[in-house]
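What follows is the residue order along each chain.
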Amino acid sequence: MYQSKINSKYSEELAQESLEWIKAVTGEPINTSGDTDNFFEVLKDGVILCKLANSLQPGSIKKVNESKMAFKCMENISAFLECAKNFGVPTQETFQSVDLWERQNLNSVVICLQSLGRKVSKALK
């Protein structure tokens, strides 16, 4: 019940917009389809998120784990979240690593990326 309520808030348009922004910033050849399966697959190991953080602020994440082991992926996601907070994304607009890794709340990931995008565009103006 609770899970379907969370999922109903998920917006494919905003997810796609977020992925298109990530692609534009990082230059990575990612699939920008906003459906939940693709969004999850592209972001779940945290590598693209780390590349995004390093594209926005070079050197902000020293070690990006390319390993597919759960705790390494979680480290990537946590490192990204730390960077998002440093950019000024409010805590209530971030997500928990498990929200992404265990696919519990992809909507909160979209919210965080949207918020980060706003903070970055303000900083660049």
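Here the structure is a predicted model, which means the values were calculated and not measured.

**Thoughts on the nonpolar core**
Item 1. Judged by nonpolar contacts, the single largest core of 30 residues is most densely connected at I22, F39, L43, F80, F95, L100 and L113.
Item 2. Elements supplying a minimum of two residues to this core: α2 (12-26), α3 (36-43), α4 (47-56), α5 (70-86) and α7 (106-124).
Item 3. Take this core: its biggest share by element is seven residues, from α7.
Item 4. Those residues in contact with I22 that lie beyond four places of it in its chain are G27, I30, L43, I48, L52 and L113.

**Notes on the environment of V64**
Item 1. Within the secondary structure, V64 is located in the loop between α4 and α5.
Item 2. Along the chain, V64 and R103 lie 39 residues apart, while their C-alpha atoms are 21 Å from each other.
Item 3. The contacts of V64, once residues within four sequence positions are left out, are V47, C50, N54 and N76.

**Quick word on the pattern of salt bridges**
Item 1. Evaluated as defined, the whole model comprises five salt bridges.
Item 2. E41 serves as the salt-bridge partner of K44, at 3.3 Å between the closest nitrogen and oxygen.
Item 3. Judged by relative accessible area, which is 25%, K44 ranks as partly exposed.
Item 4. Among the salt bridges present, the one from R118 reaches E93, with a minimum N-O distance of 3.7 Å. Pair noted here: R118 is in helix α7 and E93 is in the loop between α5 and α6 (97-101), with a separation of 25 residues, a long-range link.

**Let's talk about the packing of α2 against α3**
Item 1. One can describe the packing of α2 onto α3 by two numbers: an axis separation of 10 Å at closest approach and a directional angle of 30°. For the element pair α2 and α3, the recorded crossing hand is left-handed. Where α2 abuts α3, its residues A15, L19 and I22 lie against N38, F39, V42 and L43.
Item 2. Class assignment for the residues of the contact of α2 with α3 results in six nonpolar, one polar and no charged.

**Observations concerning the packing of aromatic side chains**
Item 1. Summed over all chains, the structure comprises one aromatic pair.
Item 2. Ring geometry for Y10 and F39: centres 5.9 Å apart, planes at 70°, overall edge-to-face. One end of the pair, Y10, is in the loop between α1 (2-9) and α2; the other, F39, is in helix α3, and 29 residues separate them in sequence.

**Let's talk about the UniProt feature "domain: Calponin-homology (CH)" (unreviewed entry) in the protein**
Item 1. According to UniProt, the feature "domain: Calponin-homology (CH)" (unreviewed entry) maps to residues 12-121 in the numbering used here.
Item 2. What you have in residues 12-121 is 65% helix and 0% strand, and the ends, taken at the C-alpha atoms, are 22 Å apart.

**Some thoughts on the packing of α4 against α5**
Each pair of packed helices can be described by the angle between their axes along with the distance between the axes.
Item 1. Contact geometry for α4 and α5: axes closest at 8 Å, N-to-C directions at 30°. In this view, α4 runs roughly parallel relative to α5, as classed from their interaxial angle. Considering how the two elements wind past one another, α4 and α5 form a crossing that is left-handed. Along its contact with α4, which presents V47, L49, C50, L52 and A53, the element α5 presents N76, F80 and C83.
Item 2. Taken together, the residues of the contact of α4 with α5 sort by class into seven nonpolar, one polar and no charged.

Criteria and cut-off values
- Residues numbered from 1 in each chain as written.
- Predicted model: local features only at pLDDT ≥ 70, side-chain atom pairs only at ≥ 80, totals over all residues.
- Heavy atoms only, no water.
- Core = buried A, V, L, I, M, F, W, Y, C linked by side-chain atoms within 4.5 Å.
- Buried < 20%, exposed > 50% of the residue type's maximum accessible area, 1.4 Å probe, protein only.
- Helix = DSSP H or I, 4+ residues; strand = E, 2+ residues; numbered from the N terminus.
- Contact = heavy atoms within 4.5 Å.
- Salt bridge = Lys/Arg side-chain N within 4 Å of Asp/Glu carboxyl O.
- Axes fitted to C-alpha atoms, helices over the stretch in contact; angles between N-to-C directions.
- Left-handed = near helix turned anticlockwise from the far one by under 90°.
- Nonpolar A, V, L, I, M, F, W, Y, C, P; charged D, E, K, R; others polar.
- Phe/Tyr/Trp six-rings, centres within 6.5 Å; stacked < 30°, edge-to-face > 60°.
- UniProt positions renumbered as here; feature names shortened; annotations may be inferred.
- Parallel < 35°, antiparallel > 145°, perpendicular 65-115°, else oblique.

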